[in-house]
Amino acid sequence: MNIQELIEKTDNAIAEMGVKPEEARGQEPGQWLLMRDEIPIYLDAWTEDQSTPWNYFIFGADPTVFQVTIPFCYGPTLKKAEFLEELLTVNINLLYGKFSYNAEENVVVLVYRVPGSALDPSQIGKVIEGLGYYAEMTYHVLKDEFHLKRVLVTENQ
């Protein structure tokens, strides 16, 4: 798949969700921002330019990538190891995504990533719905125990 096809597929899927793609597009081609209540939802499409041991098996056939990312809270300052262990334990039960942690920015995210050729545009809405549900549920279940703070869209742009 080429990147332009992937961008067009994503634009069409966003339109099917009732959002004008031109209003959701970011500064660079292949970037979109959607909002679900206060939660930012980033959609990205790109061509990977370097193979890694983690993507070698598909890289030669399809270097394009589609990703949905929902940054929903900052990592806690206390009991961080216990918090991250809890997320890893929960990961096994998740559909459509996984928890990840960006140590540099201290942000916990939910991520869905597939090769561009594997993207089914009709599933993007379901993926976003599922990840949004997990973000809300996780935040509300763990916020008191770990003193979590939400990521606000203005802070993360």
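It should be emphasised that the depicted structure is a prediction, and the values quoted were computed from it without experimental measurement.

**Topic: the packing of aromatic side chains**
Point 1. A full pass over the atoms with the stated rule returns four aromatic pairs.
Point 2. Judged by centre distance (5.9 Å) and plane angle (55°), the ring pair of Phe72 and Phe99 falls under tilted. Remark: Phe99 occurs in strand β4 (residues 98-102) and Phe72 occurs in strand β3 (residues 64-74); sequence separation between them is 27 residues.
Point 3. You can call Phe72 buried: its relative accessible area is 1%.

**Structural notes on a nonpolar patch on the surface**
Point 1. On the surface, Tyr133, Met137 and Val141 cluster together into a nonpolar patch covering about 310 Å² of accessible area.
Point 2. Within the secondary structure, Val141 is located in helix α5 (residues 124-146).
Point 3. Residue Val141 is classed as exposed on the basis of its relative accessible area, which comes to 58%.

**Notes on helix α4 (residues 80-91)**
Point 1. In this model, α4 (twelve residues) spans 17 Å end to end at C-alpha, consistent with the 16 Å of a helix rising 1.5 Å per residue.
Point 2. Considered for burial, the residues of α4 that qualify are Phe83, Leu87 and Asn91. Around the axis of α4, the buried residues are gathered within 85° of arc, so they sit on the same side. Exposed residues lying more than 90 degrees from the buried face of α4 are Ala81, Glu85 and Leu88.
Point 3. Where the residues of α4 are buried, they touch β3, β4, β5 (107-115) and α5.

**What to know about the environment of Tyr133**
Point 1. Structurally, the position occupied by Tyr133 is in helix α5.
Point 2. Note on Tyr133: relative accessible area 46%, which makes it partly exposed.

**What about unusual backbone geometry?**
If a residue is not glycine, its phi is most likely negative; likewise, a peptide bond is most likely trans.
Point 1. The backbone phi angle of Tyr96 is positive, close to 70°, even though this residue is not glycine.
Point 2. For His147, which is not glycine, the phi dihedral falls at a positive 55°.
Point 3. Within the fold, His147 resides in the segment after α5.
Point 4. Judged by its relative accessible area of 61%, His147 is exposed.

**A word on the nonpolar core**
Point 1. In terms of nonpolar packing, the biggest core is built from 35 residues, with Leu43, Phe66, Val68, Phe72 and Leu110 touching the most fellow members.
Point 2. Elements with a minimum of two residues in this core: α1 (3-16), β1 (31-36), β2 (39-47), β3, α4, β5 and α5.
Point 3. The dominant element in this core, judged by the number of residues it contributes, is α5, at nine residues.
Point 4. The contact partners of Phe72, leaving out residues within four places of it in the chain, are Phe99, Val108, Val109, Leu110, Ala135, Thr138, Tyr139, Lys149, Arg150 and Val151.
Point 5. Residues Tyr74, Val107, Val109 and Val151 belong to the second largest nonpolar core, which totals five residues.

**Overview of the pattern of salt bridges**
Point 1. Taken as a whole, this structure holds four salt bridges when the rule is applied.
Point 2. A salt bridge links Arg36 to Glu129, with the nearest nitrogen and oxygen atoms 3.5 Å apart. Here Arg36, found in strand β1, pairs with Glu129, found in helix α5; they are 93 residues apart in sequence, far enough to count as distant.
Point 3. Relative accessible area serves as the criterion here: at 23%, Arg36 is assigned to the partly exposed category.
Point 4. Relative accessible area serves as the criterion here: at 49%, Glu129 is assigned to the partly exposed category.
Point 5. A salt bridge links Glu136 to Arg150, with the nearest nitrogen and oxygen atoms 3.1 Å apart. Of this pair, Glu136 sits in helix α5 while Arg150 is found in the segment after α5, placing the two residues 14 residues apart along the sequence.
Point 6. On the basis of relative accessibility, which here comes to 14%, the residue Arg150 falls in the buried class.

Conventions and cut-offs
Residues numbered from 1 in each chain as written. Predicted model: local features only at pLDDT ≥ 70, side-chain atom pairs only at ≥ 80, totals over all residues. Heavy atoms only, no water. Phe/Tyr/Trp six-rings, centres within 6.5 Å; stacked < 30°, edge-to-face > 60°. Helix = DSSP H or I, 4+ residues; strand = E, 2+ residues; numbered from the N terminus. Buried < 20%, exposed > 50% of the residue type's maximum accessible area, 1.4 Å probe, protein only. Patch = residues over 30% accessible without salt bridge, like charges linked within 9 Å, V, L, I, M, F, W, Y side chains within 5 Å. Areas by Shrake-Rupley, 256 points an atom, 1.4 Å probe, with all protein chains shown as cover. Salt bridge = Lys/Arg side-chain N within 4 Å of Asp/Glu carboxyl O. Expected span 1.5 Å × (residues − 1). Arc of directions from axis to C-beta. Contact = heavy atoms within 4.5 Å. Core = buried A, V, L, I, M, F, W, Y, C linked by side-chain atoms within 4.5 Å.

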